[in-house]
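Structural overview for review
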Amino acid sequence: LDSTPCLSVLFSFRHPALGRVSRPLPHGKEPHRTAPATEFLHDLALAFLHRMSSSSPTDDESAPSSPEPFDRPRHIRYFAHSLKALPAAYAHLDTNRLTLCHFAVHSLDLLGVLDDEDLLEKLEIRKDEIVNWIYSLQVSGHDVDDENKQRISRSSESKEYDTGGFKGGSFLGGPGAQYVKVTSDTVSDGSGYKCLPYEGFEYDHCHVAMTYTALCSLAALGDDLSRFDRSGAIQSLKKLQLDDGSFQCIHFGSENDMRFLFCACAISHTLNDWSGVDVDKAVDFIRSCRSYDGAISLLPGQEGHGGSTFCAISALTLMGKAEDILTEDGWRDELIRWCVSRQLGGMQGRPNKVEDTCYSYWIGGTLRLLGCDNVLDQEALTSFVLSCQTDMGGFSKVQGVYPDLLHSFYSMAWLSLSSSQGLNDLHCALGMRLAPSSIFEQFK
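Residues numbered from 1 in each chain as written. Predicted model: local features only at pLDDT ≥ 70, side-chain atom pairs only at ≥ 80, totals over all residues. Heavy atoms only, no water.

Turning our eyes to something else, we now look at the pattern of salt bridges. Inspection of every chain in the model, using the stated rule, returns 14 salt bridges. In this structure, R259 and D257 form a salt bridge, with 2.7 Å as the shortest nitrogen-oxygen distance. Taking the relative accessible area as the measure of exposure, D257 reaches 5% and is therefore buried. Taking the shortest distance from any N to any O, the salt bridge between D284 and R287 comes out at 2.8 Å. Separated by three residues within a single helix, D284 and R287 lie in helix α10 (residues 279-288), roughly one turn from each other. Beyond isolated ion pairs, a larger network of salt bridges with shared partners links D109, D115 and R433. (Salt bridge = Lys/Arg side-chain N within 4 Å of Asp/Glu carboxyl O. Buried < 20%, exposed > 50% of the residue type's maximum accessible area, 1.4 Å probe, protein only. Helix = DSSP H or I, 4+ residues; strand = E, 2+ residues; numbered from the N terminus.)

Time to look at the nonpolar core. One finds F166, L225, I286, L316, M319 and Y361 to be the most contacted residues of the largest nonpolar core, which totals 115 residues. When neighbours within four sequence positions are excluded, F166 is seen to be in contact with L98, I134, Y135, L137, Q138, C206, H207, M210, T211, A214, L218 and F228. (Core = buried A, V, L, I, M, F, W, Y, C linked by side-chain atoms within 4.5 Å. Contact = heavy atoms within 4.5 Å.)

Time to look at helix α15 (residues 378-387). Of all the ten residues making up α15, seven are buried; the element is thus mostly covered by neighbouring parts of the structure. Of all the residues in α15, the buried ones are L381, T382, S383, F384, V385, L386 and S387. The secondary structure elements touched by the buried residues of α15 are α14 (358-369) and α16 (405-418).

Within the element layout of this structure, C289 appears in the loop between α10 and α11 (306-319). On the basis of relative accessibility, which here comes to 1%, the residue C289 falls in the buried class. Residues C289 and T309, 20 residues apart in the sequence, show an inter-C-alpha distance of 9.3 Å. Not counting residues up to four positions away in its chain, the partners in contact with C289 are M258, A295, I296, S297, L298, L299 and P300.

Moving on to the side chain of S297. Position of S297 among the secondary structure elements: in the loop between α10 and α11. Accessibility expressed as a relative area gives 1% for S297, which makes it buried. Of the polar contacts made by the side chain of S297, one reaches the backbone oxygen of L299; its length is 2.6 Å. (Polar contact = N/O pair within 3.5 Å; in protein donor to acceptor, adjacent residues only side chain to side chain.)

Tallied over the entire structure, the rule returns 13 aromatic pairs. With a centroid separation of 6.3 Å and an interplanar angle of 45°, the aromatic rings of Y135 and F166 are classed as tilted. One end of the pair, Y135, is in helix α6 (residues 127-135); the other, F166, is in strand β2 (residues 164-166), with 31 residues separating them in the sequence. Both residues of the pair, Y135 and F166, count as buried. The lysine or arginine in question, R342, covers the ring of W338, its NZ or CZ lying 5.0 Å from the ring centre. (Phe/Tyr/Trp six-rings, centres within 6.5 Å; stacked < 30°, edge-to-face > 60°. Lys NZ or Arg CZ within 6 Å of the ring centre and 35° of its normal.)

What follows deals with the packing of helix α3 (residues 72-82) against helix α4 (residues 97-110). In the contact formed by α3 and α4, the axes pass within 9 Å of each other and the chain directions differ by 145°. Relative to α4, the crossing made by α3 is left-handed. The segment α3 lies against α4, with I76, F79 and A80 engaging F103, A104, S107 and L108. Along the lines of polarity and charge, the residues of the contact of α3 with α4 split into six nonpolar, one polar and no charged. (Axes fitted to C-alpha atoms, helices over the stretch in contact; angles between N-to-C directions. Left-handed = near helix turned anticlockwise from the far one by under 90°. Nonpolar A, V, L, I, M, F, W, Y, C, P; charged D, E, K, R; others polar.)

Per-residue confidence for the chain gives a mean pLDDT of 80, with 72% of residues at or over 70. Across residues 142-161, confidence stays below pLDDT 50; counting only partners more than four residues off in sequence or on other chains, it has 47 contacts. In this model residues 186-190 is a low-confidence stretch, pLDDT under 50, and it forms ten contacts with partners more than four residues away in sequence or in other chains. (pLDDT = per-residue confidence, 0-100.)

For the rest of this paragraph, the subject is the state of the cysteines. The bond known as a disulfide is covalent and runs between the sulfur atoms of two cysteines. Throughout the structure, instances matching the rule amount to zero disulfides. Here C216 is not cross-linked by a disulfide; its sulfur's nearest cysteine counterpart is in C263, at 9.0 Å. Here C339 is not disulfide-linked; the sulfur of C372 is the nearest cysteine sulfur, at 7.8 Å. Residue class for C339 comes out buried when judged on its relative accessible area of 1%. (Disulfide = S-S within 2.5 Å.)

Between its terminal C-alpha atoms α11 stretches 20 Å, which fits the 20 Å expected from 14 residues at 1.5 Å a residue. Within α11, 13 of the 14 residues are buried, which leaves the element mostly enclosed by the surrounding structure. Positive backbone phi, at 75°, marks G320, one or two positions downstream of α11. (Expected span 1.5 Å × (residues − 1).)

Put into C-alpha cells, the structure is as follows:
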C-alpha cells in the first residue's frame, strides 16, 4: 500500500474522546465516549478498513463524487427534537436559549414545516406555546397606556434599568413576564393570552442579539407582534450605540463589535424606525473595520473574517448605503476577490483555515448581497454542505463530527439561497424566511 494515502485516511479519524466522531464505523458499531488506548486503536483500524473497503480499486479517483442526497425527514426530526431537548453540551449556552430557538424555528420554516398543521401536530410542536415562551423573555421599563395592548409594566424602583427588548433566557432567575390563557372577549389583542404585570430587578436587561432573534422567530411563528414593545426596543438601541458607531450587546457594559451593529440594523429595518441608530456613525465604524485585503473585521485593526464581513455588508444593505460605500477606492472589487478566494470546495472563514459549513452562508450570502454569487462554484459548495449531513440529522461544522444547531441552520440557509433542495426562500440580509418577513410591512 502507498503509505501517504493510508496515513492520510488514518489521521482523518479522531476518537469521540477527543471530541470527534470516529466515522464511518461498521453498521451497529457504537462510538465510545471514553476508551483505553487499545480500544481507540481498534476503532481507528476498523474505520480505516471500512473506508478502504468502501471504494473499488478500479474507481476513477479523479472523477467528482456525487453529492449526498438531502435527507429532509431526518433534518425535520432533528430540528423538531431540538425545540424540546438538547444535549448536555449545550448547557453553557443557557444565556443564549433564544438564539438556539431561532436556529431551530427558522430551519423548520425553511423546510416548510411551520405551514403544515398536520405535520406540526404529529411532531407535537405548538407554535402558540413557543410564542408565549419568547414573550416571557421580553423586558421593558415602559408602561403602556394603550388599552388595546397587553404589555409588561415594571415597578418604579426598576426604572433606572429602563430597557426594551429580549433577554436570552431565564438564567438570571427572578420573575418574568407571564401570560395566562383567557376565554373572555375582553382581551382585545386577539391572542387569547393576557400578560400579568411583573416587577423588574437590577440585572433584568435585554440583549440586542436576542431582540433580533426574537423578532425573526415571532414573525416565522405567525405572531402579529401586538405584544412587542416596539418603542422600548428602539430606545434601547439608542443606549447601546457607542461613540465610535459600534453597538454593545447589553446596557451594563459589554463587548462591542460588528455582530451587534448588524443586529441593531436588522431590528431598525424590520420595525421601520431608524431613530435608534446614528447611521453616519455606524457607516464610519464599518469603514474603520476594512482590512488591507478588502475583507471586514469585527473591530478596527483586526483580521478580516467571513462572519463579520457578512454582518457589515448586510448592515450596509439594510441601511441603503452599500452601493455608495463599496464604490470607494475599489472596495467592492477587493471584497469580491477576497470572498471568492475563500472557496476550497466548501468555504473557509479566513485564509489558511479549513472549510466550514457556516461560511457557505456568511460568504455565499455576502456575494449574494453584492449580486455576484454566480462567481462561486455552487455545485462544489452545495456538495460540501451536503457531505456534512449527519446520521442523526442536522449538519456538522466539518465532515465527520457531531451536528450543532448553528452550523445546521446556516447550512440550511445556504441550501435555500442555492435553490438546490426545494427549500423555502430566504431573506438573505435578515437571515430568515422571505415570506414571514412581510409581517413587518405593518410598520411601513
